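The lines below spell out each chain.
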Amino acid sequence: RSGFVGIIGRPNVGKSTLLNRVLGQKISITSNKPQTTRNRILGICNRPGEQMLFLDTPGIHQARGPLHRYMVEQALSTCGGVDLALYLIEATSGPLRRADEVLERVAACGRPLFLVINKIDQVPRPRLLEIIESYRSHDFAETIPVSALTGEGVDGLLQTIGRYL
Ligand code: GDP
Ligand code: MG
């Protein structure tokens, strides 16, 4: 089994860190500065019986100027070309308070969509449950908490992805 997996989300939520964790090497540049990733980056993860091709993307954000618009387009067009998309958020931002227009646009791509809640090393468990609850009205195929930094939950994420390929 094999398939393309897009990693989508706002700047700085840890998309590149997650890709590096999955690959076990630093292929994508990570930084606490937003907009470090300017193009799609492909990483291949081989596991027994399956191959996952991960696409790291620039963060989706309010586009200002041509370069930013280009980056947003790269991210959104990725959704259309993958078998599965991971919508990455950071637990540190807390529960969803109002309609998330980025999420609406990503959900409209019509691919199976996982909610991946990153940076769980930074929040206590009750807080994590609040976050999960706040996204309940959205139709995610799976909701998976992880820490790309420590690796917690990442193997489970890969196993779950494997079931969709
Ligand atoms: P991207 O813009 O979505 O690609 O985000 P990056 O992967 O560049 O990460 C942005 C910042 O968040 C960096 O400083 C990372 O070290 C940090 N970061 C990423 N994942 C985690 C995590 O699971 N836990 C914590 N504490 N920090 C993280
Ligand atoms: Mg990045």
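Structure shown above.
*Asks:* Provide a residue-level description of the packing of aromatic side chains, including the pertinent values.
*Replies:* Applying the stated rule across the entire model yields 2 aromatic pairs. Geometrically, the ring pair formed by F114 and Y164 is edge-to-face, given 4.9 Å between the ring centres and 75° between the ring planes. On the criterion of sequence distance, the pair formed by F114 in strand β5 (residues 113–118) and Y164 in helix α5 (residues 154–164) is long-range, its members being 50 residues apart. In this structure F114 comes out as buried when scored by relative accessible area, which is 0%. For Y164, a relative accessible area of 34% translates into the label partly exposed.

*Asks:* Describe in detail the packing of helix α1 (residues 15–23) against α5, supporting the description with residues and values.
*Replies:* At their nearest, the axes of α1 and α5 sit 11 Å apart, and the two run at 80° to each other. On the basis of their axis angle, the class for α1 and α5 is roughly perpendicular. Across the interface between the two elements, L18, R21 and V22 from α1 touch V154, L157 and L158 from α5. Its residues assigned to classes, the contact of α1 with α5 comprises 5 nonpolar, no polar and 1 charged.

*Asks:* Just give me the short version of the nonpolar core, but keep the residues and values in it.
*Replies:* If you look at the biggest cluster of nonpolar residues, it comprises 22 residues, and the most contacted ones within it are L18, V22, F54, L86, F114, L157 and I161. Those elements that provide at least two residues to this core are β1 (2–9), α1, β3 (50–56), β4 (84–90), β5 and α5. Excluding residues that lie within four positions of it along the chain, L86 makes contacts with V5, G6, I7, I8, L18, F54, F114, V116, L157 and I161. L55, C79, A91 and L128 belong to the second-largest nonpolar core, a separate cluster that totals 21 residues.

*Asks:* With reference to specific residues and values, describe unusual backbone geometry.
*Replies:* Notably, N12 is not glycine yet its phi reads approximately 75°, a positive angle. Within the secondary structure, N12 is located in the loop between β1 and α1. Looking at N12, the relative accessible area reads 26%, which means it is partly exposed. Phi is positive for K119, close to 65°, though the residue is something other than glycine. Checked against the element boundaries, K119 lands in the loop between β5 and α4 (125–134).

*Asks:* Which residues make up the environment of G80, and what values do they have?
*Replies:* Within the fold, G80 resides in helix α2 (residues 65–81). Linking G80 and A108, residues 28 residues apart in sequence, is a C-alpha distance of 9.4 Å. Contacts of G80, omitting those with residues within four sequence positions, involve C109 and R111.

*Asks:* Quick one: what's the story with the pairing of β4, residue by residue and with numbers?
*Replies:* Burial of β4 is extensive: 7 of the 7 residues sit out of reach of the surface. Burial of β4 is two-sided: the residues L84, L86, L88 and E90 facing one way and the residues A85, Y87 and I89 facing the other way are all buried. By the bridge criterion, 6 bridges tie β4 to β5 in an arrangement that is parallel. Across the sheet, the residue bridging to I89 is I117, located in β5.

Conventions we followed
- Residues numbered from 1 in each chain as written.
- Chains lettered and ligands numbered in written order.
- Predicted model: local features only at pLDDT ≥ 70, side-chain atom pairs only at ≥ 80, totals over all residues.
- Heavy atoms only, no water.
- Phe/Tyr/Trp six-rings, centres within 6.5 Å; stacked < 30°, edge-to-face > 60°.
- Helix = DSSP H or I, 4+ residues; strand = E, 2+ residues; numbered from the N terminus.
- Buried < 20%, exposed > 50% of the residue type's maximum accessible area, 1.4 Å probe, protein only.
- Axes fitted to C-alpha atoms, helices over the stretch in contact; angles between N-to-C directions.
- Parallel < 35°, antiparallel > 145°, perpendicular 65-115°, else oblique.
- Contact = heavy atoms within 4.5 Å.
- Nonpolar A, V, L, I, M, F, W, Y, C, P; charged D, E, K, R; others polar.
- Core = buried A, V, L, I, M, F, W, Y, C linked by side-chain atoms within 4.5 Å.
- Pairing = 2+ DSSP bridges.

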